[in-house]
Amino acid sequence: MADDQEKDLQKFLKNVDEITSLIQEMNSEDPAVRENAVLRTEKRLLFTEEGQDEDRCRTTVDRTVISPAHAPVEGSFSCVDNADEINTEAFLASMEKDAKERAKRRRENRVLADALKEKGNEAFARGDYETAIQCYSEGLEKLKDMKVLYTNRAQAYMKLGEYRKALVDCDWALKCDEKCTKAYFHMGKAHLALKNYSVSRECFEKIVEINPQLQTQVKDYLNQVDLREKADLQEKEAHELLDSGKSTAVTTKNLLETLSKPDQNPLFYAGGMEILTEMMTDCTERTLFRTHNGFNIIGGNEVIRRCFSTAAQDGVEETMCVCVLRLWQAVCSENEENQRVLLTRPDAGRLLPSLLASGVPGLRQQSLALLLQLAQTGDGRSLIVSHLDLTRLLEALVSFLDFSDKTATSAMGLLTDLALEERFQVWFPAHLADVLPALTGVLRRDPKATNTSALSQYIAVMGNLSADAATRRQMSASEDFGGACLDLMARCEEDGDLFRDVVYALLGLLMNLCLQPPLVSEVWATEVSRRCLSLLNSRDGGVLTRAAGVLSCTLPSSLKIVEEALRAGVVKKMIKFLKAGGQTASRHAAKTLAVCTNSNHEAREEVVRLDKKFSVLMTLLSSEDEILVGNAALCLGNCMEVPQVAASLLRTDIVQVLLKLAARDAQKSAVQLNAGIALGKLCTAEPRFAAQLRELHGFEVLSSTVRHTQDA
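Here's what I pulled together on the structure shown here. (Residues numbered from 1 in each chain as written. Predicted model: local features only at pLDDT ≥ 70, side-chain atom pairs only at ≥ 80, totals over all residues. Heavy atoms only, no water.)

Description of the packing of helix H18 (residues 348–356) against helix H19 (residues 361–374)
- Packing of H18 against H19 leaves a shortest axis separation of 7 Å and a crossing angle of 130°. Here H18 lies oblique to H19, going by the angle between them. Residues Leu352, Leu355 and Leu356 of H18 form the contact with H19, whose own contacting residues are Leu363, Arg364, Ser367, Leu368, Leu370 and Leu371.
- Residues that form the contact of H18 with H19 fall into these classes: 7 nonpolar, 1 polar and 1 charged. (Axes fitted to C-alpha atoms, helices over the stretch in contact; angles between N-to-C directions. Helix = DSSP H or I, 4+ residues; strand = E, 2+ residues; numbered from the N terminus. Parallel < 35°, antiparallel > 145°, perpendicular 65-115°, else oblique. Contact = heavy atoms within 4.5 Å. Nonpolar A, V, L, I, M, F, W, Y, C, P; charged D, E, K, R; others polar.)

Structure (structure tokens):
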């Protein structure tokens, strides 16, 4: 039946191509081509069966004859040979009418098929896969070449474990569209389930050939194929050793049978698991643990489950839980499939985070050790992020900052690794409101009573996550969070050397928060600026650079802040930064000077006094960094408002430099605009520059620049 359907579809597609070609030729401007197309069409219609339905593919195909032939008589084909006797106009009108009817019928079928698709999608979302399959099948009866119905039905078949039926539907989808990546995706998963590893791999690789942008996602699935194939080989080897009578393999099987006995004393199970843990020394034993239902025997034991819920109340229960955690570490060591089985258990998502947050130090230590082991590989981290309760996990991890030893550092190292996972970064802003109180509480800790290294790691993670606009928006909107950042900075100032890493990480977080307008408040921005001005006296280059960066973001929020910064000598310090070089520091310094000179005349006068003949700013104008150039041009233009300053530049090539910047095709239009403004102020302050500009046809260039920046 499938072969008949395939032949039918191929025949249908061929007919479509031929008819399309005929219609195009009949519309040709060449009379000979049109006449030939009419002759070929008449011949085709004479041999066409009645009752064709273009929108459906059936093994028996009915065809409708638009212009039926007369009763066959001898020489009846002579009319075909005589093109002059054909009523071309009537024929084309008939063809057009028929095409419209077919198009209308197809549109109607499309509407019905779309409705059935949506109905099937709703059933799929409910988990009613049988109904979904029925809806998709009915949709295909309306529109045989609707590929999305094939791929959706394939997905539903896979949910029911009917992988071969899914493969058939994927084949049909590819007949409709040979570049259907969704079909290859489902084919890859179906072949993986059927243990056709090489074919599965080929399907996923085909997706990258079609769409290279999907390489990251495909890489994950190819890795799954490798892991499943590896696990399959391990299971075969383990069973071969078991069949050969190897003593440890037999013992593992026997121990699991013993541990499966219900309602025994907790110490009975604890003793058995300790022996089992010691036996998990190689891949064979770990694989046999899995294949002999070890995870279900341990995880489903009611006595063990009760111990997990009462571990904080009784030493025996605590011993039992520690034994389970140590056993899981042993069986998951260097065994990716065991890791997958453990973390995909229904109770793992809630259980592991709760053990990590337990009030029992031993349980917390062993839970952390297990998670650290699982997170050593990218697959392990992906499993953790995908299957554990991340809200409870995050809260449990930050609670380790209560520890002053290396345990806190280990926990923050785990948080750092998990925060790099794409799924975690998607989850975090969506659930930030739930965890923000706990995150804020960490910032209110006394840094003297906290592991400094772990605290700086934690703040660095928050800083990296705040690079996301949605996360930054929520953090900036929280006065409590912003206030906690300020309070921590104030406490760290008491010993800048001891808390250097904390301050450095905190400045990174504050810099991101200041990128989100509006700032928490003007009062908050003022206090942040004061802290940063104080840090500009630091001898640490990293702290200096970040303090300047935060300051460049807070200064635009208030004239009062600018005035305070000027009294603190910010212009002199920024000029010093620019003279010392360094791209990041220079960026922050140039922006700070641009902000100050834009709103304060005293700042302009001080720049003029400290930067003789604008040697520093002129050097910046030749930089390849457009942000640096744009701010330097803005600052220079602002300084032209100081009397007599413009005349000092008469013997320089400032006009040519600024004109070149205004005319060049910069990615950031601010460069052109600021250069143009600087030229305008220069010419206004010193008319002799206007004459130079006129000689260089600069006014035409500036006019063009203005139009360009307005369009941008």
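Observations regarding the pattern of salt bridges
- Taken as a whole, this structure holds 30 salt bridges when the rule is applied.
- Here Arg531 and Glu527 are joined by a salt bridge, their closest N and O atoms 3.2 Å apart. Taken together, the residues span about one helical turn, with Arg531 and Glu527 both in helix H28 (residues 522–535) at a distance of 4 residues.
- Measuring nitrogen to oxygen at the nearest pair gives 2.7 Å for the salt bridge that ties Asp625 to Arg587. (Salt bridge = Lys/Arg side-chain N within 4 Å of Asp/Glu carboxyl O.)

Details of unusual backbone geometry
- Residue Phe614 is not a glycine yet carries a positive backbone phi of 55°.
- For Phe614, the location among the structural elements is in the loop between helix H33 (601–610) and helix H34 (615–620).

Thoughts on the environment of Arg164
- Tracing the backbone shows Arg164 in helix H7 (residues 163–176).
- Residue classification places Arg164 among the exposed residues on the basis of a relative accessible area of 59%.
- In sequence terms Arg164 and Ala154 are 10 residues apart; their C-alpha atoms lie 9.2 Å from each other. (Buried < 20%, exposed > 50% of the residue type's maximum accessible area, 1.4 Å probe, protein only.)

Here we look at the packing of helix H29 (residues 541–554) against helix H31 (residues 570–580)
- Interhelical geometry of H29 versus H31 gives an angle of 125° and a closest axis separation of 12 Å. One way to sum up the angle between H29 and H31 is to call them oblique. Of the two possible hands of crossing, H29 and H31 adopt the one that is left-handed. Contact with H29, carried on its side by Leu544, Thr545, Ala548 and Leu551, involves Val570, Met574 and Phe577 of H31 and no other residues of that element.
- Class assignment of the residues belonging to the contact of H29 with H31 gives a composition of 6 nonpolar, 1 polar and no charged. (Left-handed = near helix turned anticlockwise from the far one by under 90°.)

Purely geometric numbers; function is a separate question.
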